[in-house]
Amino acid sequence: MEKNYIPLYRKYRPQAIEQIVGQEHIKKALANAIEMDRISHAYLFTGPRGTGKTSTARIFAKSLNCEKGMTLSPCNECENCRNITNSIPIDVIEIDAASNRSVNDADEIIQKVALAPVRSRYKIYIIDEVHMLTNQAFNALLKTLEEPPKNVIFILATTEVHKVLDTIKSRCQRFDFKRITTDDIAKHLRYISECEGINITDDALKLIAQNSAGGMRDSIALLDQLSVLNSTQEAISVDDINNLLGRLSFDSLTALFSAIASSNQNEALSVLNDIYNQGNEPTQILSNLLEYLRNSLIIKTIGSEVSNAVVQLNDEQSKKLAEKLKSVESHQIVSLVDKCANYIKELKLTTNPKLWLDVAILDMSNLVENTKLEDLQKRLSALESGEGVKMVNVSAYNTPPAPVKKPEVMRPVKPAVLNQTQEVKPAAAKTVESAQSITEEEVLSAPVPMSKPAEVNNLKASWGKLLENVSSFPSRAILKQQALPVKITADEVIISIKNPSWLKQFGADGSKHNFIVDAVKSMYGNANKVIVRAPESGDDAIRKEVSNGNSDDEAPAPAPAPLNETPVKQPKKEPEITAQEVKEVVEIKQQTTLAKPKTGEAMFHSDTVNNVMDLFEGKFIE
């Protein structure tokens with residue numbers, strides 16, 4: 001009877017640094033450390049599973065304790081090398097932190113650390129899955145890990161380095177193991193296959209490598225499992241791997257996707273039943289379909305020239321899929337991805353997965369109608385929220401007009417006249433005729449008109465309009481008294497404030513700066529550059545000009561009334577001022593203004609009354 005069978009992942013475990021697949025940066029660093037005799041007292045190996053952390057730790061221990069001396073290529077024949085290979089704990093002790101995670105286990109390590117090596121240069125502790133140690137065990141090891149006895153080395157290995165205490169990580173030299181590339185794994189699997197006489201295709205080896213998530217151990221274990229299918233007549237193929245793993249073949253997924261893309265629900269259910277009757281679980285079916293959709297989206301976006309390692313398909317499959325995608329749009333594939341992912345979540349919660357599997361395929365098979373409905377829902381949501389509303393310029397003064405929310409109910413525009421006796425010119429009638437022929441699409445696609453930049457002669461009017469758009473009443477009152485408009489245009493707004501306290505609050509980093517920004521947005525329809533600064537030379541001339549501005553420039557003339565209608569003057573509705581706002585303004589004014597001697601009428605009123613009268617330019621009426 002032959003000796004016990006050794007699994008391939010153990011049989012082909014690397015025994016020297018040069019045998020480690022990938023991880024070139026780590027191999028070079030450890031080799032230089034040995035050559036330069038710069039060995040640290042603690043190392044931290046971190047990375048995904050199956051990337052060589054423990055194997056590298058064993059090889060490093062052999063290199064340090066080999067009887068032939070510290071070498072990059074341990075002999076693997078001396079007693080020390082054989083003990084490490086066979087995991088005999090003499091001077092190199094391997095500890096599984098998952099089952100030895102308590103404070104008592106840490107104390108036992110601390111007690112044995114003080115003992116000198118038996119027959120080697122170094123006493124090495126390899127602690128695997130070190131993140132499983134409790135915080136108390138970490139703290140117990142902390143001092144020993146920082147200053148271990150002479151000739152003691154700690155090598156910590158973990159797949160979840162974020163769970164290791166920072167105080168531990170800061171005392172170790174950290175080496176991050178990367179996922180091994182698909183090509184490197186496939187090459188190593190080919191080497192093992194030739195050594196073991198396994199007849200397998202290159203496509204099958206690539207599929208194994210792609211499904212290992214960058215881990216060599218998982219790849220070798222899957223190859224070992226497939227080796228029982230070895231035959232001299234037929235090589236192990238991709239279909240054999242799919243059957244073994246319970247994965248759907250590319251042809252089955254393509255048939256299902258074709259029915260979905262053509263919105264043929266009957267055909268989609270027929271293909272689904274065939275797949276289900278082969279023993280595939282609902283979750284597995286949708287998971288494989290989701291992966292297929294992911295590949296479809298990449299090929300649709302980039303093209304069939306994309307790397308096979310990215311889409312996990314060979315050249316023939318990529319071309320076949322690209323041909324199928326000619327009648328499908330990218331946004332439709334994204335919709336299918338979203339639906340498939342949501343139905344996978346439902347399958348994990350339901351007690352009737354087959355029912356939800358049928359519903360998922362029927363829903364996705366209604367591809368054309370679903371994407372149209374989704375697009376309509378997005379447009380309606382945008383209209384309801386006001387995000388998609390366009391502006392139409394109907395103002396004679398080029399000011400931001402009101403949004404047109406329902407263009408389909410617009411009435412024909414009447415010709416505007418300045419007085420009832422003036423005749424309507426033919427050009428005006430032509431304008432009305434063209435306005436009546438504007439379609440809904442033209443209205444919605446019309447660009448948003450912007451106000452003309454405010455010139456110097458109407459700076460006072462623009463300043464008054466900006467103040468009206470300030471939503472906070474206290475801020476509006478303060479700006480009216482303390483601020484001076486320097487420049488108000490569609491591109492830039494500059495305001496100077498002399499009082500340092502108000503300058504700080506209304507400045508770029510102040511709490512009240514947004515009130516000015518929002519007012520500018522309301523005034524011009526977009527976010528302009530807003531600067532609030534201290535007064536500079538030349539501001540006094542602007543102050544004088546604003547103070548002495550003509551009343552004609554303070555506001556634009558009212559829009560002409562339509563024909564056969566009498567203009568009705570609407571009284572301007574002032575915003576209601578609450579008692580809390582008055583109190584806030586008064587308190588602010590009392591804190592920031594200097595006390596002035598009372599003269600005249602003010603001598604007979606309290607400070608609060610005088611502040612309110614001064615702020616609102618009012619008078620006391622008995």
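Residues numbered from 1 in each chain as written. Predicted model: local features only at pLDDT ≥ 70, side-chain atom pairs only at ≥ 80, totals over all residues. Heavy atoms only, no water.

Participant: Can you walk me through the environment of Leu-229 in this structure?
Facilitator: Note on placement: Leu-229 falls in the loop between helix H10 (216-226) and helix H11 (238-245). As for Leu-229 and Ile-200, which are separated by 29 residues in sequence, their C-alpha atoms are 9.6 Å apart. (Helix = DSSP H or I, 4+ residues; strand = E, 2+ residues; numbered from the N terminus.)

Participant: Help me out: how do you make sense of the sheet that holds strand E1 (residues 42-46) in this one?
Facilitator: In sheet architecture, strand pairing relies on hydrogen bonds along the backbone and comes in two forms, parallel and antiparallel. The strand order E2-E3-E4-E1-E5 describes an open sheet built from five strands, whose pairing is parallel. Lying at the two open borders of the sheet, with one neighbouring strand each, are strand E2 (92-96) and strand E5 (173-176). Strand after strand, the sheet turns through a mean of 15 degrees between neighbouring axes, direction not considered. As paired elements, strand E3 (residues 123-128) and strand E4 (residues 152-158) share six bridges and run parallel to each other. Across the sheet, the residue bridging to Ile-127 is Leu-156, located in E4. Relative to the sheet, helix H2 (residues 24-35) contacts E1 and E5, its axis offset from that of E5 by approximately 150 degrees. Sheet contacts for helix H5 (residues 103-113): E2, E3 and E4; angle to E3, the most-contacted strand, approximately 165 degrees. (Pairing = 2+ DSSP bridges. Axes fitted to C-alpha atoms, helices over the stretch in contact; angles between N-to-C directions. Contact = heavy atoms within 4.5 Å.)

Participant: Can you walk me through the pattern of salt bridges in this structure?
Facilitator: Pairs can form between side chains of opposite charge whenever their charged atoms are close. Applying the stated rule across the entire model yields 17 salt bridges. In this structure, the salt-bridge partner of Glu-79 is Arg-119, at a minimum N-O distance of 2.1 Å. Within this pair, whereas Glu-79 is found in helix H4 (residues 79-85), its partner Arg-119 is found in the loop between H5 and E3, the two being separated by 40 residues in sequence. In this structure Arg-119 comes out as partly exposed when scored by relative accessible area, which is 42%. Its salt-bridge partner being Glu-160, residue Lys-163 comes within 2.8 Å of it at the nearest N-O pair. (Salt bridge = Lys/Arg side-chain N within 4 Å of Asp/Glu carboxyl O. Buried < 20%, exposed > 50% of the residue type's maximum accessible area, 1.4 Å probe, protein only.)

Participant: Would you take a moment to explain helix H12 (residues 250-261) for this structure?
Facilitator: Side chains three or four residues apart in an α-helix point the same way, a direct result of the helix having 3.6 residues per turn. Between its first and last C-alpha atoms H12 spans 16 Å; for 12 residues at 1.5 Å apiece the expected length is 16 Å, and the two agree. Of all the positions in H12, only Phe-250, Leu-253, Thr-254, Leu-256, Phe-257, Ala-259, Ile-260 and Ala-261 are classed as buried. Taken from the residues just after H12, Ser-263 is the one with a positive phi, measuring 55 degrees. (Expected span 1.5 Å × (residues − 1).)

Participant: Quick question: what am I supposed to make of the packing of helix H9 (residues 202-210) against H10 here?
Facilitator: For any two helices packed against each other, one specifies the crossing angle of their axes together with the interaxial distance. Their axes nearest at 9 Å, the elements H9 and H10 cross at an angle of 135 degrees. Considering the angle they form, H9 stands oblique to H10. The element H9 and its partner H10 pack so that their crossing is right-handed. For the pair formed by H9 and H10, the contact residues are Leu-205, Ile-208 and Ala-209 on the first element and Ser-219, Leu-222, Leu-223 and Leu-226 on the second. (Parallel < 35°, antiparallel > 145°, perpendicular 65-115°, else oblique. Left-handed = near helix turned anticlockwise from the far one by under 90°.)

Participant: Explanation requested: the pairing of E1 in the structure shown.
Facilitator: In terms of residue burial, E1 counts as a mostly covered element, since five of its five residues are buried. Covered by surrounding structure in E1 are Ala-42, Leu-44 and Thr-46 together with Tyr-43 and Phe-45, the residues of both alternating faces. Bridge analysis of E1 against E4 gives five bridges, and the strand direction is parallel. What sits directly across from Ala-42, in E4, is Phe-154. For E1 and E5, the ladder comprises four bridges, and the chain directions are parallel. Counted as the bridge partner of Leu-44 is Arg-174 from E5.

Participant: Hey, could you run me through the packing of aromatic side chains in this one?
Facilitator: The geometry of an aromatic ring pair comes down to the distance between the two centres and the angle between the two planes. Considering all chains together, one arrives at 11 aromatic pairs under this definition. Residues Trp-502 and Phe-506 carry aromatic rings whose centres are separated by 6.4 Å and whose planes lie at 55 degrees to one another, so their mutual orientation is tilted. With a gap of four residues between them, Trp-502 and Phe-506 both fall in helix H24 (residues 500-506), about one helical turn apart. For the pair Trp-502 and Phe-506, a shared accessibility class is recorded, and that class is buried. Here the aromatic residues Tyr-43, Phe-45, Phe-60, Phe-175 and Phe-177 are joined through ring pairs into a cluster of three or more. Over the ring of Tyr-276 we find Lys-354, and its NZ or CZ is 5.1 Å from the ring centre. (Phe/Tyr/Trp six-rings, centres within 6.5 Å; stacked < 30°, edge-to-face > 60°. Lys NZ or Arg CZ within 6 Å of the ring centre and 35° of its normal.)

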